[in-house]
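# Structural description and commentary
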Amino acid sequence: MKLNRRYTRSIRANLAFYISASVLTMVTLLLFYLFYIAGTGINAYGDSFFETYRVEDANFATYQQIGDEEIRALEERYGVTLEKERFANVDDGAYHERVFRPNEKIDLYQVQEGRDLSADDEVLLSAGYAEENGVKPGDKIQIHGKQYTVAGTFLRPDYLYLLENLTDDYKNVSTFFLAYMTPEEFDAQFGDGTVNYKVIYGADTDQEDFRLAINDAYYMASYLPAQANTRITFVHEQADMFLLMAWVMLVVMPFITVALISILIGRKIRSEQKLIGTLSALGYEKGKLMRHYSLFAAIPGIVGGVLTAAAALALAEPFGRFGLADYEPMRPAFSLPLWVAVAGILIPTLIYWGCAMLRVRRLLKKDTVQLLGGQVGNDGKNHRILVKSSMKVRQKYALRTLAANPGRSFVIFLGIFLGAMIVAFAFSFIDSVKAVGDQAHGEFGTFRYEYILNSLQQEAPERGEEMTVLAYEDDNAVRFSLMGLDPDATLWNLQTTDGQRADLEKGYYISTLAAAMYDLKAGDTFTFRNIATLESYSVTVSGVIKNGYQSYLLSSRENVAEITGLDAKAYNAVLTDEALDIDSDLVTEVITSDTYHNQMENLLKSMGAVIYALMVIGVIICIASLYATVNMMLSENSHNISMLKVLGYDNRRINAMVIRANHLLLIPGIVLGIAAAYGIMVWYCREFVEVERIMIPATLRTGSVLLTAAITAACYFLSLLLLRRKVDQTDMIQALKDNRE
Amino acid sequence: MFIEIQNAKKRYGTGEAAVYALDGVDFSLERGKVCVILGPSGSGKSTLLNMIGGLDSLDEGEITVDGERITGLSPKALTAYRKRNIGFVFQFYNLIPDLTVEENVQVVEEIAQAPLDTGEILRALDLEKYRYRFPRELSGGQQQRVAIARAMVKNPKLLLCDELTGALDTRSSRSVLTFVEKINRQYGTTTLIITHNEAIAGIADTVVRIRDGKIASCEENGVKRSADEIEL
């Protein structure tokens, strides 16, 4: 069809539209691709690593050791793989480490750099610490007071997310590491060390039978299934967060952008109605014209989709690396699945194509004479607003054109809204994470130190308040802390969400996080079980205490003792407002008021690049969409602009009259964009509870609101500035001729 | 002379495709006169009007209006020149569709240095009762009167009319021409009308014929008639 020769000419003539539409398509798809690639890459790597290096299904400790023969018997009887793991926690001053004797069946290690152990004076170090501290194979390191040569670095499946303690929320690779020694050297240095058991269940294993048997024979001290082990679950959970982000992006961003571009395409086609009418009058069939124009419209989809797929392939690796910041230095292969790339090209292309088809079809239903006269779409009633007002004409013009062109106004509004939304979402993410650091300890209480002890104590501590903390689980093995405090405790937050002080003697209280995780409220019955004996208990929830960071059930120590069967005077945690001089061998963990703050700072540090990238993308979307829409508006107004020029209006006045009308859309666009971003953040935080088991308070601080408004306004004015020359370049004579035609 | 044009040349296109829209035009007009420029399509009459109105610039030659040499003026200076001196009326009115009749006139009043009163102009053109209507709510003749009112409100020294009756029926054309005459009489505005309608030449003081970018003839109209008397 000769008509198709118009393609290159028309693209050249409308280059600004095609570039901005392609950029918009590209940027929004890129956001989805990158999060998707990171999420699927990490998941695939996790699955493969877990299988190859035989990740545990659970680990447990017993009060009585299980002998090697008994292990073989248990394996046979229950169809499980069972292994005794030996390790030692060592403090070497500037750093502390967990030294393992290598396992043979479960949680095996993969040497990352260097080579495996070949001599007793060699050690392997966890790769994250080595990388963070610049430790290389061949370097010397002191462990337990003795010098060793670093033979290499390693990863192991139950420490891909390297939490020192399971209660930590963020890794510590700066002062803590894992190490392996030869079995002989470990035995020589630590003897038996601390013993733990790892199990992989067979397909037919009755896990509860197995656990009960272990408890009956060896007295289960603790039991941690893999699905409650954050060092293991975080691998998939973090990846799932990326996927969640990807789907949020897919639903919100491309949907809105595609809608925006579709509107632009529709208006562009309407502006060609004289030509469409002429071609129709010349005998071109409806189908031919629809195909011709739909191909024009498909261009941004094809160009944007192909370029995005290429960019995503190029950026997959570096972006994926951002996503790995939380983990040990894993090496997943990040790639864009072919079907996702094809869908990314096809979906927007088909939408733009379909939109153009419909638009041309609708136009061709109109009278050809009307099309030839360019009257379709111009036959709407004038908005009679301010007709008798004494307001300045240029102000009336501005208001009336906004009202008379709701589609166009909406598109411009959408550009501002989108930009504000993305930028505000990025700020809100930062604010919300910071809020955890700032608020978390306040929700715990007024203590400054919480010492978690590794054994039960009977004698009252020198200072502070005693607390019992024991892990229990619900029927789905989702864990929480059963905590006992003296009813007159002062250092723990005991204020319920309805403002009352919790009466620990008479009731059981849950934290807001536990309430969200188990879907409980005051008055509900909470059924849970002992993780060792699997014995079930039920209590009525008396109230909820605001604490979005810990999942607990709290009562008096006496009440808790009735459930645990421990002595009511026994405790394994101490709350104080000043540091205690406790034997470090007794302490498992110390939580201070800075703990959460530091962990969240680290989280922000690692997520920072992704968040700031999101912000930059928001700015690009804002500028590109506004450029495209204001450009469209100027094209549609070219006749009025040229007429104002003819009448003696200078460019400054014309800009004021035609472009500044849109300033009115700036404030609602920003306000609603920020509100939408906050809404998405609220939803995201709610999803976060299920994935990360922490209640991040959706927060958007005043400074961030102001900054979002400033950035969006700057983008808006920048795009207007870029378009100023368009007013300068409007050819008066051509526009007058066009009107004559 | 109010308008003086010397050896005006304007070429469009390049090489073999080059066409001279104006090819050495010399022309002058006294203040307060009505001049009708006649010529077929493509003769260069609209180009000449655009040059005089400061919408386009010559390749060669010189144009002086009321002693001001407009050849070589910057776009900014040309804008100021149009704002001060020129009132335009076009064949297809070129009104701003989102503004009412009154506002279409006020849009010029707001930037003019010594504007006439909008109400007075609307009354003079018999448009007062349509002041709150939008252009699409008016007939072609009424719209053209609004265009004249818009051109006149700045009290221009020169009124340039490009095929002002080209889109109108006979009755409307006569009515519009009557108002142009009235404006010329009432305000003494020098008026330049380009048209291919020979009959309109009857209302002119000077009749210029233009063909292939050159002045074919320039004559004083011996028997000037009113718009009511001419055969449209």
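Residues numbered from 1 in each chain as written. Chains lettered and ligands numbered in written order. Predicted model: local features only at pLDDT ≥ 70, side-chain atom pairs only at ≥ 80, totals over all residues.

Helices and strands together make up the secondary structure of chain B, namely six helices and 10 strands. Against the 2.2 N^0.38 benchmark of 17 Å for 232 residues, chain B shows a C-alpha radius of gyration of 17 Å, consistent with a compact globule. Its C-alpha atoms give chain B principal-axis dimensions of about 50 × 40 × 35 Å. Counting across all 232 residues of chain B, residues that qualify as buried make up 50%. Across chain B, every contact between residues at least 6 apart in sequence was considered, and the portion connecting residues at least 24 apart equals 70%. (Helix = DSSP H or I, 4+ residues; strand = E, 2+ residues; numbered from the N terminus. Rg over C-alpha atoms; globule rule 2.2 N^0.38 Å. Buried ≥ 20, exposed ≤ 12 C-beta atoms within 10 Å, placed from the backbone. Contact = placed C-beta atoms within 7 Å.)

This part is about the overall build of chain A. Per the secondary structure count, chain A includes 21 helices and 19 strands. Dimensions of chain A along its principal axes, counting C-alpha atoms only, are 100 × 60 × 45 Å. Across the 741 residues that make up chain A, the buried fraction comes to 46%. For chain A, the share of sequence-separated contacts (at least 6 apart) that also reach a separation of at least 24 residues comes to 84%.

Turning next to the packing of helix 3 (residues 101–109) of chain B against helix 5 (residues 140–152) of chain B. Residue and element names in this part refer to chain B. Between helix 3 and helix 5, the shortest axis-to-axis distance is 8 Å and the interhelical angle comes to 25 degrees. It follows that helix 3 is roughly parallel to helix 5 by the angle criterion. Relative to helix 5, the crossing made by helix 3 is right-handed. In this structure, helix 3 contributes V101, N104, V105 and V108 to the contact, and helix 5 contributes V146, A149 and R150. Tallied by class, residues from the contact of helix 3 with helix 5 come to five nonpolar, one polar and one charged. (Axes fitted to C-alpha atoms, helices over the stretch in contact; angles between N-to-C directions. Parallel < 35°, antiparallel > 145°, perpendicular 65-115°, else oblique. Left-handed = near helix turned anticlockwise from the far one by under 90°. Nonpolar A, V, L, I, M, F, W, Y, C, P; charged D, E, K, R; others polar.)

With that settled, consider the interface of chain B and chain A. Tallying the contact residues gives 24 residues for chain B and 24 residues for chain A. Counting residues per element, the ones that place at least two in the side of chain B that touches chain A are helix 2 (75–85) and helix 3 of chain B. Class assignment of the residues belonging to the side of chain B that touches chain A gives a composition of 11 nonpolar, six polar and seven charged.

Below, the discussion takes up the confidence of the model for chain B. In this model, chain B carries a mean pLDDT of 90, and residues with pLDDT of at least 70 account for 100%. With pTM at 0.72, the complex prediction returns an ipTM value of 0.86. (pLDDT = per-residue confidence, 0-100.)

This paragraph deals with the sheet that holds strand 1 (residues 3–12) of chain B. What links the strands of a sheet is backbone hydrogen bonding, and the strands pair in either a parallel or an antiparallel sense. All names here are of chain B. As summarised here, the arrangement of the four strands in space is 2-1-4-5, forming an open sheet in which the pairing is antiparallel. A single partner strand is all that each edge strand has here, and the edge strands are strand 2 (19–29) and strand 5 (68–69). Strand direction decides the pairing type here: strand 1 and strand 4 (residues 60–65), joined by five bridges, are antiparallel. Paired with I5 across the two strands is I63, which belongs to strand 4. (Pairing = 2+ DSSP bridges.)

Here we come to the packing of helix 9 (residues 286–323) of chain A against helix 10 (residues 338–364) of chain A. Residue and element names in this part refer to chain A. Between helix 9 and helix 10, the least distance of the axes is 7 Å, while the angle of their chain directions is 155 degrees. Classified by the interaxial angle, the pair formed by helix 9 and helix 10 is roughly antiparallel. Note on packing geometry: the crossing formed by helix 9 with helix 10 is right-handed. Along the lines of polarity and charge, the residues of the contact of helix 9 with helix 10 split into 20 nonpolar, seven polar and two charged.

Residue and element names in this part refer to chain A. Each assigned domain of chain A is listed here: domain 1 (58–228), domain 2 (399–439 + 596–741) and domain 3 (449–592). Once you take the C-alpha centre of each, domain 1 and domain 3 turn out to be 29 Å apart. At the junction of the two partners, domain 1 supplies 14 residues and domain 3 supplies 10 residues. Element by element, the count of residues in the side of domain 1 that touches domain 3 is highest for strand 10 (residues 220–225), at five residues. A per-class count over the side of domain 1 that touches domain 3 returns six nonpolar, five polar and three charged. (Domains from an automatic or database assignment.)

Among the residues making up helix 8 (residues 273–281) of chain A, those that are buried are A:Q273, A:I276, A:G277 and A:S280. Mapping the buried residues of helix 8 of chain A onto a view down its axis gives an arc of 100 degrees, with all of them on the same face. (Arc of directions from axis to C-beta.)

The next subject is the sheet that holds strand 10 (residues 214–220) of chain B. Residue and element names in this part refer to chain B. Sheet architecture is open: six strands sit in the order 6-7-8-3-9-10, paired in mixed fashion. Each having just a single partner strand, strand 6 (86–89) and strand 10 make up the two edges of the open sheet. The mean angle between the axes of side-by-side strands here comes to 15 degrees, regardless of whether they run parallel or antiparallel. Relative to strand 7 (residues 158–162), strand 6 is paired through four bridges, and the arrangement is parallel. What sits directly across from V89, in strand 7, is C161.

A word on the environment of B:E68. Along the chain, the position of B:E68 falls in strand 5. The exposure class of B:E68 is partly exposed, given the 14 C-beta atoms found within 10 Å.

Residue and element names in this part refer to chain B. Positionally, N155 belongs in the loop between helix 5 and strand 7. Considering only alpha carbons, one finds N155 and E229, 74 residues apart in sequence, at a separation of 27 Å. The contacts of N155, once residues within four sequence positions are left out, are A114, P115, L116 and Y187.

Here the focus is the pairing of strand 7 (residues 146–155) of chain A. Residues and elements named next belong to chain A. With seven of 10 residues buried, strand 7 is to be regarded as a mostly interior element. Relative to strand 7, strand 4 (residues 110–114) runs antiparallel, the two sharing four bridges. Considered in strand 7, the bridge of E113 is made with T153. As defined by bridge partners, strand 5 (residues 122–126) adjoins strand 7 across five bridges and the pair is classed as parallel. Note on strand 7: the bridge partner recorded for E122 is T149. The pairing of strand 6 (residues 140–143) with strand 7 spans four bridges and is classified as antiparallel. Its bridge partner lying in strand 7, I141 is registered against Y148. Between strand 6 and the antiparallel strand that follows it, strand 7, lie two residues; H144 among them carries a positive phi value of about 55 degrees.

Quick look at the environment of A:L672 now. All names here are of chain A. Counting through the fold element by element, L672 comes out in helix 19 (residues 663–692). Residue L672 is classed as partly exposed on the basis of its 15 C-beta neighbours within 10 Å. Taking the C-alpha atoms as reference, L672 lies 7.9 Å from M421; in sequence the two are 251 residues apart.

In this section: the nonpolar core. By size, the foremost hydrophobic cluster in this structure holds 281 residues, and its most contacted members are A:F35, A:I37, A:V123, A:A179, A:A356, B:I148 and B:A149. Setting aside chain neighbours within four positions, we find B:A149 in contact with B:V105, B:I121, B:L122, B:L125 and B:L127. (Core = buried A, V, L, I, M, F, W, Y, C linked by C-beta atoms within 7 Å.)

With that settled, the discussion passes to unusual backbone geometry. Of note in this structure, A:Y219 is not a glycine but carries a positive phi near 60 degrees. Looking at the secondary structure, you find A:Y219 in the loop between helix 6 (207–218) and strand 10. Of note in the backbone geometry, B:N155 takes a positive phi value of approximately 55 degrees without being a glycine.

Before going further, it helps to spend a moment on helix 18 (residues 651–659) of chain A. Residues of helix 18 of chain A that are buried include every one of A:I654, A:M657, A:V658 and A:I659, and no others. All buried residues of helix 18 of chain A lie within an arc of 160 degrees about the axis, which places them on one face of the element.

Residue and element names in this part refer to chain A. Pairing analysis gives three bridges linking strand 1 (residues 58–62) to strand 9 (residues 194–200), with the strands arranged antiparallel. Across the sheet, the residue bridging to N59 is K198, located in strand 9. Across seven bridges, the pairing between strand 2 (residues 81–91) and strand 9 is antiparallel. When the bridges of strand 9 are listed, T81 appears paired with I200.

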